[in-house]
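Residue-level structural notes
In case you want the letters, here they are:
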Amino acid sequence: MPEVHTLLTGLAFGESPRWHDDRLWFSNWVAQEIVAVDLEGKSEVIARVPFPSFPFSIDWLPDGRLLLVSASDRPLLRREPDGELVTHAILSRGWNEIVVDGRGNAYLNGGGFDLLAGEAFAPGIVALVTSDGSARQVADGIAFPNGMAVTPDNQTLIVAESHGNCLTAFDIEPDGSLSNRRVWAALEGFAPDGICLDAEGAVWYADVPNKCCVRVKEGGEILQTIHLDRGCFACMLGGAHKQTLFMLAAEWRGFENMAGPARTGQVLTAQAPALGAGWP
């Protein structure tokens, strides 16, 4: 098992890590911040997000503009070069995760229920927002959709189904639609959260209840497991050669305690066996 290093501590709740412009960017939930940290551990608050609810996710368009999506009923926002937040697309619901592929198509997912409001579980969906800002649903029946990744050839979308204990794959059609749904990896006893891809075709996934970050190949064979002392919510490959595994971890005490005074969020790093690939 590779040695795990602590890069940053004292976060409210880190999520949605992305490697961009030589730094790891992520959403600091509860604090409602977008933070960037370099490999020396020097961090900067890039933006404060004016959402009434704290969960939000980020990714970049190919032209370098940042997209932000919130779990609240808000539009998909775009951050312009001058820092202004403008509406990129009008959405009819709140969302969980976002990934933008190499063609500028943004895939968003969300559950069919509001956890924060205590609603009963219902399957979620995946939606597509094209480069012109139009939005449509492209998949449903997702058991608590979480992390997503797109393969380097823009041909496959992989979605973590946290309540389905699996990674699910779809073929991406030329118009961005999804087809040929299939189980990419069955993960009995695991609850995949945030994910990323490497150049050998494996997926790293974060797991909160099992307090680990796991590398798995298509078909379900576990290649590597990194055990942590707290829940792992998301992961990303980055660094100078995209071979540093960044893990966002925090102590999990339930949704009702997420906004409490404890700041147990951390950014952890480990050396990965293969380079990062695909999107995000």
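Notes on the structure follow. All figures in this text were calculated on a predicted structure; none of them were measured in a lab. (Residues numbered from 1 in each chain as written. Predicted model: local features only at pLDDT ≥ 70, side-chain atom pairs only at ≥ 80, totals over all residues. Heavy atoms only, no water.)

Observations regarding the nonpolar core
The biggest cluster of nonpolar side chains holds 27 residues, and the ones touching the most others in it are Leu-24, Phe-26, Trp-204, Leu-245, Met-247 and Val-267. Broken down by secondary-structure element, the contributors of at least two residues to this core are strand 1 (5-11), strand 3 (23-28), strand 4 (33-37), strand 19 (203-207), strand 22 (231-238), strand 23 (244-250) and strand 24 (265-271). Ranked by the residues each element gives to this core, the list is headed by strand 23, at five residues. When near neighbours in sequence (up to four residues on either side) are disregarded, Leu-24 contacts Pro-17, Arg-18, Trp-19, Val-35, Ala-36, Val-37, Met-236, Phe-246, Leu-248 and Val-267. With 19 residues, the next largest nonpolar core counts Trp-25, Ala-36, Ile-46 and Ile-58 among its residues. (Core = buried A, V, L, I, M, F, W, Y, C linked by side-chain atoms within 4.5 Å. Buried < 20%, exposed > 50% of the residue type's maximum accessible area, 1.4 Å probe, protein only. Helix = DSSP H or I, 4+ residues; strand = E, 2+ residues; numbered from the N terminus. Contact = heavy atoms within 4.5 Å.)

Considering the sheet that holds strand 18 (residues 192-198)
Taken in spatial order, the five strands of this open sheet run 21-20-19-18-25, and their pairing is antiparallel. Strands with a single pairing partner mark the edges of an open sheet, and in this sheet they are strand 21 (222-227) and strand 25 (276-277). Pairing geometry for strand 18 and strand 19, over four bridges, is antiparallel. Following the sheet pairing, Cys-196 is matched in strand 19 by Trp-204. (Pairing = 2+ DSSP bridges.)

Describing the packing of aromatic side chains
Considering all chains together, one arrives at seven aromatic pairs under this definition. Aromatic side chains Phe-233 and Trp-252 sit 5.8 Å apart centroid to centroid with 65° between the ring planes, which places their arrangement in the edge-to-face category. Of the two residues, Phe-233 is situated in strand 22 and Trp-252 in the loop between strand 23 and strand 24; the sequence distance between them amounts to 19 residues. By relative accessible area, which is 35% here, Trp-252 ends up partly exposed. The structure contains a cluster of three or more aromatic residues connected by ring pairs, namely Phe-13, Trp-29, Phe-233 and Trp-252. (Phe/Tyr/Trp six-rings, centres within 6.5 Å; stacked < 30°, edge-to-face > 60°.)

A word on the pattern of salt bridges
Enumeration over the complete set of coordinates arrives at 15 salt bridges. Linking Asp-59 and Arg-18 is a salt bridge whose minimum nitrogen-to-oxygen distance equals 3.8 Å. Of the two residues, Asp-59 sits in strand 6 (residues 56-60) while Arg-18 sits in strand 2 (residues 14-20), which places them 41 residues apart along the sequence. An identical accessibility class is assigned to Asp-59 and Arg-18; each is buried. Taking the shortest distance from any N to any O, the salt bridge between Arg-23 and Glu-44 comes out at 2.8 Å. Residue Arg-23 is located in strand 3, and its partner Glu-44 is located in strand 5 (residues 43-48); the two are separated by 21 residues in the primary sequence. A single network of salt bridges, built from pairs that share partners, joins Asp-63, Arg-65, Arg-78 and Glu-80. (Salt bridge = Lys/Arg side-chain N within 4 Å of Asp/Glu carboxyl O.)

Topic: unusual backbone geometry
Most peptide bonds take the trans configuration, and most residues that are not glycine carry a negative phi. Pro-280 follows Trp-279 through a cis peptide bond whose omega is 5°. Structurally, Pro-280 is set in the segment after strand 25. Even without a glycine there, the phi angle at Val-30 is positive, about 70°. Within the secondary structure layout, Val-30 lies in the loop between strand 3 and strand 4. With relative accessibility at 18%, the residue Val-30 sits in the buried group.

Here's the deal with the state of the cysteines
On inspection of all chains with the given rule, the structure shows zero disulfides. As a non-bridged cysteine, Cys-166 has Cys-212 as the owner of its nearest cysteine sulfur, 16 Å distant. Its sulfur unpaired, Cys-232 is 4.5 Å from the next cysteine sulfur, which belongs to Cys-213. Judged by its relative accessible area of 0%, Cys-232 falls in the buried class. (Disulfide = S-S within 2.5 Å.)

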